[in-house]
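Residue-level listing of the chains:
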Amino acid sequence: MYMNHVPLPVEPGYGVPANDIAGQFDTQHVDPPRARTVPEHRNLRNDDFWRRIPAFARIPASEFHTHVFQARHSITNTGQLRQTLGHLAPDSFYQDIDAGLKHAPMALRISPYLLSLIDWADPHSDPIRTQFLPLRSQQAPDHPMLQFDSLNERGDSPVPGLTHRYPDKALFIAIDSCPVYCRFCTRSYAVGNDTEGVEKLKLHANLQRWETMFEYIASRPELEDIVVSGGDTYNLRSEHLRLIGERLLRLPNIRRIRYATKGLAVMPQKILTDHAWTDALTEVVNLGRRMHKDVVVHTHFNHPHEITQVTHDAMNRLTERGITVRCQTVLQRNVNDSPATMQLLVRRLSYVNIHPYYVYFHDLAPGVEDLRTSLAAGLHLEKHVRGHTAGFNTPSFVVDTMGGGGKRDCHSFEYYNRETGIAVFTSPSVKPGARFLYFDPLLSLHPDAQARWKHEAERRVMIEEACQGAEGSAMIRHGNTMRTH
Ligand code: SF4
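Report follows, based on the coordinates. If you're wondering where the values come from, they're calculated on a predicted model, not measured in any experiment.

The next thing to look at is the overall build of the protein chain. Scanning the protein chain from N- to C-terminus turns up 17 helices and 12 strands. Of all 485 residues assigned to the protein chain, the portion counted as buried reaches 55%. Within the protein chain, contacts between residues at least 6 apart in sequence are counted, and of these 76% link residues at least 24 apart. Summed over its atoms, the accessible surface of the protein chain is roughly 21,500 Å², and 51% of this surface lies on carbon and sulfur atoms.

As C-alpha cells, this is what we get:
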C-alpha cells in the first residue's frame, strides 16, 4: 500500500453501532441497512500498482513515490521501455512503437508512475498508453487541412515565447520541456526534443529571454492575466518559478497568474517530496494574496485512471495551502469520448478539489488523427456531462480555433455540416470579421464524404459551401458581411 495515505474521515452515521441507533429512534420505521459501496469516483487506486512492472517489482513505496525516482527512471526510448517492461509486452509491440515514433512530432517520455498505471494485459486499448506511446498500427493519415502550429501561436508572438492574442491575456512560455511528452501536444513545434520529422523551436529556460518578455508585458497596460506555461512549469527550478511569479506580480497591470503544469496528472509525487518547488509555488500564491492578486494552478487530466490516492494526497497538500487548481482536459477518441468516462473524470476531479474548467476539442496536430473526435461527438458528450454535477464543476467544451481565433464554445458555430465535417466559427472580440474552420476527422465521415476530401478541387467546393452557409446564417442574424480568415 502507498504509505503516505491519510485515512478518509468517517462520514456522519458511519461506524455507529446499531444498538445506539436503536436506542434513539423508532426502529419499526427504519429501512433495512443498505450496502455501503464506495461511489466509483471516490474509489481511488491505492495498491502497489508499480510492482507489476518487472523493473519496479522490488521498489518500496517510500522510494517509488518520490520525484527523484520518477524523474530518474522516466522512459525516453524503446530500449529502456523493453528493459523496464520485460515480458509484459511482445516484440511486435515495441516494433509498433518504434514505427509510431517515426511518424510522431513528439519525442518519447513517460514517468514510471504513468507506465505502471497502464493495463499491460491490454495495452492496445489502454487510455494512458494511447496518450503517451504511439502505435504505428493505430495511427491514421493526417487531415488534409492540417497546419503545423495550427493555433498560430508563433504568428501572435511579439517576442520569442510570448503569445499575445486576447486583449488582456498573454501566454508566457517559460520552458520547452515537460516531465512527460504527450502524443497530442499542440505545441509540438517547440516542446521536447527534436524528432525525425520536427526540428523544434528552442525556448529553453533563459533569464535574458524572460527579461524581454517582462519588458513587453510591462509595456502593455491592457495585459492583466498571464499564463506561465511551457513545456511545463513542473520543470522550472524552484528559484525560477519564484522569480517569474514575483516579477509578474510586481507589474502594476498584472492581476492574475496561472501556472500551467500537467505534473499533478503524471508525477503527483513532486508536490509531496520536492519541498523547494511546492514551497516556491506557495510563496508566490501567498504574495499574490497579500497584493490582492490571484495566482492559481492549471493542470491537465484526461482520464479517471490518472487520479489515484497519490493525486489526492498531493491535492490535499495544495488545498491546505489554499492553492486553487483547475483542469483543462483534451477530448480524445478511445480515451475519454464516452459519457460514462467523462462523467467519472469530472466527478473524480471535483472529489480531489480540482475544478474541471475546460474540455478542449482535439486540435489538428500531426501524427494523432486517430485521437480526434468530431464536433458532433463532443456536442453529444457535453449534453451528458452538463447536469451530472454542480454547475461550477462542469467544464465548458471549447474549440481552440485553427488560425488563432482563440477558444470558442462548441455550440457557438455559425455553421456545421455533419456530412462534410466542416464547422465555421467567428471570434468577434479576438479577430473581428474573420472566420475560423474546424474539420472533423475524416474517419468519422461517410465513405462518400471521405472520397470527396481526396480531391483538392472538391475540398475547395466543400469549404466554400461552408463559408457561404456561415455567411448566410450571419446575415440572417446580423445583416453584416464577413471575410474569410
Ligand atoms: S505536458 Fe503539456 S506542453 Fe508538455 S507535452 Fe503534454 S500537452 Fe504538451
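What follows picks up the thread again.
What follows covers unusual backbone geometry. For the peptide bond that leads from Gly230 to Gly231, omega is 20 degrees, which places it in the cis range. Tracing the backbone shows Gly231 in the loop between strand 3 (225–229) and helix 9 (238–249). Despite not being glycine, Asn334 has its phi angle at roughly 65 degrees, a positive value. Here Asn334 shows up in the loop between strand 6 (325–330) and helix 14 (339–351). Within the chain, Asn353 stands out as a residue other than glycine whose phi angle is a positive 75 degrees. Its place among the elements puts Asn353 in the loop between helix 14 and strand 7 (354–360).

With 12 residues, helix 5 (residues 91–102) should cover 16 Å at 1.5 Å per step; its first-to-last C-alpha distance of 17 Å lies within 8% of that length. Within helix 5, the full set of buried residues consists of Phe93, Tyr94, Asp96, Ile97, Gly100 and Leu101. In a view along the axis of helix 5, the buried residues occupy a sector of 155 degrees, so they form one face of it. On its buried face, helix 5 is in contact with helix 4 (78–85) and helix 7 (127–132).

Right, let's talk about the packing of helix 4 against helix 5 for a bit. Direction vectors running N to C along helix 4 and helix 5 enclose 155 degrees, while the axes themselves pass 10 Å from each other. Considered as vectors, helix 4 and helix 5 are oriented roughly antiparallel to each other. Both helix 4 and helix 5 take part in a crossing whose hand is right-handed. Residues Thr78, Leu81, Arg82 and Leu85 of helix 4 form the contact with helix 5, whose own contacting residues are Asp91, Tyr94, Ile97, Asp98 and Leu101. Class assignment of the residues belonging to the contact of helix 4 with helix 5 gives a composition of 5 nonpolar, 1 polar and 3 charged.

With 5 of its 5 residues buried, strand 3 lies for the most part within the structure. Note that the unit made of strand 2 (residues 169–173), helix 8 (residues 207–219) and strand 3 has a crossover that is right-handed. Judged from the 4 bridges that link them, strand 3 and strand 4 (residues 256–260) form a sheet pairing that is parallel. Counterpart to Asp225 in the pairing with strand 4 is Arg256. Viewed along the sheet, the connection from strand 3 through helix 9 into strand 4 turns out right-handed.

Conventions adopted
- Counting starts from 1 at the beginning of each chain's written sequence and moves along it residue by residue.
- Only residues with pLDDT of at least 70 are given local features in this predicted model, and only at 80 or more are side-chain atom pairs given and counted; all residues enter the totals for whole chains, interfaces and linings.
- To obtain the side-chain values, all non-hydrogen atoms of the structure were included, while hydrogens and water were left out.
- A helix here means a DSSP run of H or I that spans at least four residues, while a strand means a run of E at least two residues long, and both kinds are numbered starting from the N terminus.
- Buried, partly exposed and exposed residues are distinguished by accessible area as a fraction of the type maximum, computed with a 1.4 Å probe on protein chains only: under 20%, between the cut-offs, and over 50%, respectively.
- A contact between two residues is defined here by any heavy atoms of the two lying within 4.5 Å.
- Methods summary: accessible areas were calculated by the Shrake-Rupley approach with a probe of 1.4 Å, and residue burial reflects only the protein chains presented.
- A helix is expected to span 1.5 Å for every residue after the first.
- Regarding the arc, it is the one traced by the directions from the helix axis to the C-beta atoms.
- Lines are fitted to the C-alpha atoms to define the axes, a helix being fitted only along its stretch in contact, and any angle between axes, read from their N-to-C directions, falls within 0 to 180 degrees.
- Oblique is the label for every angle not falling under 35 degrees (roughly parallel), over 145 degrees (roughly antiparallel), or within 65 to 115 degrees (roughly perpendicular).
- For any helix crossing, the convention is left-handed if the near helix is rotated counterclockwise from the far helix by under a right angle, and right-handed if that rotation is clockwise.
- Three classes are used, and their members are as follows: Ala, Val, Leu, Ile, Met, Phe, Trp, Tyr, Cys and Pro are nonpolar, Asp, Glu, Lys and Arg are charged, and the others, Gly among them, are polar.
- Seen with its strands pointing away from the viewer, a crossover is right-handed if its path from the first strand over the helix to the second goes clockwise.
- Two strands qualify as a pair provided DSSP detects at least 2 bridges between them.

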